[in-house]
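Take a look at the letters that make up each chain.
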Amino acid sequence: VQLQASGGGLVQAGGSLRLSCTASGRTSSTYVTGWFRQAPGLERDFVAAITWSGYSTYYADFVKGRFTISRDNAKNTVYLQMNSLKSEDTAVYYCAVGAYQTAIPRRRNEYDDWGQGTLVTVSS
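Keep in mind the model is a prediction, meaning the values are calculated, not measured.

## Focus on the overall build of the protein
Then, number 1: A count of helices and strands for the protein gives zero helices and eleven strands.
Then, number 2: Taken from N to C terminus, the helices and strands of the protein fall in the order β-β-β-β-β-β-β-β-β-β-β.
Then, number 3: Its C-alpha atoms give the protein a radius of gyration of 13 Å, near enough to 14 Å, the size a compact globule of 124 residues would have.
Then, number 4: With respect to the principal axes defined by its C-alpha atoms, the protein has extents near 40 × 25 × 25 Å.
Then, number 5: Taking all 124 residues of the protein together, 43% fall into the buried category.
Then, number 6: Counting contacts in the protein only where the partners sit at least 6 residues apart, residues at least 24 apart contribute 56% of the total.
Then, number 7: Accessible surface computed for the protein: about 6,500 Å², of which carbon and sulfur atoms make up 45%.
Then, number 8: Averaging the positions of the 12 positive and the 9 negative side-chain charges in the protein gives two centres separated by 4 Å.

Next comes the structure, spelled out in structure tokens:
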């Protein structure tokens, strides 16, 4: 699966951005699409994920209530709506695809295919 992430940019603290992740190639109803982020010098952290059906989602605690993940399978696209952005949300955001096993995967090594990343900068 090839993934293209987009939608990053510069925004003031308290503002909003919507990231998109468009997939091409072979897809499967067992796939989960996740978003991760990596700030300079830090590890790549899980942000949110959504199952193929869209019925199940999972969020990292630090984005609950602020970020919303959704998908439009007709467009092969997963979205990450980010509201109430903080300076600590500044990072490169990556989307990735992995297989649903017994739960929504949350570890980096559970995802097989990755997009190129899109930079989000939140100014304070």
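## Notes on the nonpolar core
Then, number 1: Among the nonpolar cores identified, the biggest contains 35 residues, and Trp35, Val47, Phe67, Ile69, Leu80, Met82 and Tyr93 are the most heavily contacted of them.
Then, number 2: Residue assignment for this core shows that the elements contributing at least two residues are β1 (2-6), β3 (17-24), β4 (31-38), β5 (44-51), β7 (67-72), β8 (77-82), β9 (91-99) and β11 (118-123).

## Structural notes on the state of the cysteines
Then, number 1: All chains considered together, the criterion is met by one disulfide.
Then, number 2: Here Cys21 pairs with Cys95 through a disulfide, and the sulfurs are 2.2 Å apart. Linking Cys21 and Cys95, the disulfide has an S-S dihedral of approximately 75° and is accordingly described as right-handed. Residue Cys21 is found in strand β3, and its partner Cys95 is found in strand β9; the two are separated by 74 residues along the sequence.

## With respect to the sheet that holds β7
Then, number 1: One open sheet accounts for four strands, arranged β1-β3-β8-β7; its pairing is antiparallel. The two strands at the open ends of the sheet, each matched to only one other strand, are β1 and β7. With strand direction ignored, the average angle separating the axes of adjacent strands in the sheet is 15°.
Then, number 2: Where β3 meets β8, six bridges bridge the pair, whose relative direction is antiparallel. Note on β8: the bridge partner recorded for Leu17 is Met82.

## A few points about the environment of Gln116
Then, number 1: Locating Gln116 in the fold gives a position in the loop between β10 (111-114) and β11.
Then, number 2: In this structure the C-alpha to C-alpha distance between Gln116 and Ala5, which are 111 residues apart in sequence, comes to 6.6 Å.
Then, number 3: Discounting residues that sit within four places of it in the chain, Gln116 has contacts with Leu3, Gln4, Ala5 and Tyr94.
Then, number 4: At a separation of 2.8 Å, a polar atom in the side chain of Gln116 contacts the main-chain carbonyl oxygen of Ala5.

## Considering the side chain of Arg44
Then, number 1: Residue placement: Arg44 occurs in strand β5.
Then, number 2: Although buried, Arg44 forms no salt bridge, and the nearest oppositely charged side chain, Glu43, lies 8.2 Å from it.
Then, number 3: Here Gln38 takes part through its side chain, which lies 3.1 Å from a polar atom of the side chain of Arg44.
Then, number 4: Once you skip the residues sitting within four places of it in the chain, Arg44 turns out to touch Phe36, Arg37, Gln38, Tyr94, Arg108 and Trp114.

Conventions we followed
Residues numbered from 1 in each chain as written. Predicted model: local features only at pLDDT ≥ 70, side-chain atom pairs only at ≥ 80, totals over all residues. Heavy atoms only, no water. Helix = DSSP H or I, 4+ residues; strand = E, 2+ residues; numbered from the N terminus. Rg over C-alpha atoms; globule rule 2.2 N^0.38 Å. Buried < 20%, exposed > 50% of the residue type's maximum accessible area, 1.4 Å probe, protein only. Contact = heavy atoms within 4.5 Å. Areas by Shrake-Rupley, 256 points an atom, 1.4 Å probe, with all protein chains shown as cover. Lys, Arg positive; Asp, Glu negative; His and termini not counted. Charge placed at Lys NZ, Arg CZ, Asp CG, Glu CD. Core = buried A, V, L, I, M, F, W, Y, C linked by side-chain atoms within 4.5 Å. Disulfide = S-S within 2.5 Å. Pairing = 2+ DSSP bridges. Axes fitted to C-alpha atoms, helices over the stretch in contact; angles between N-to-C directions. Polar contact = N/O pair within 3.5 Å; in protein donor to acceptor, adjacent residues only side chain to side chain. Salt bridge = Lys/Arg side-chain N within 4 Å of Asp/Glu carboxyl O.

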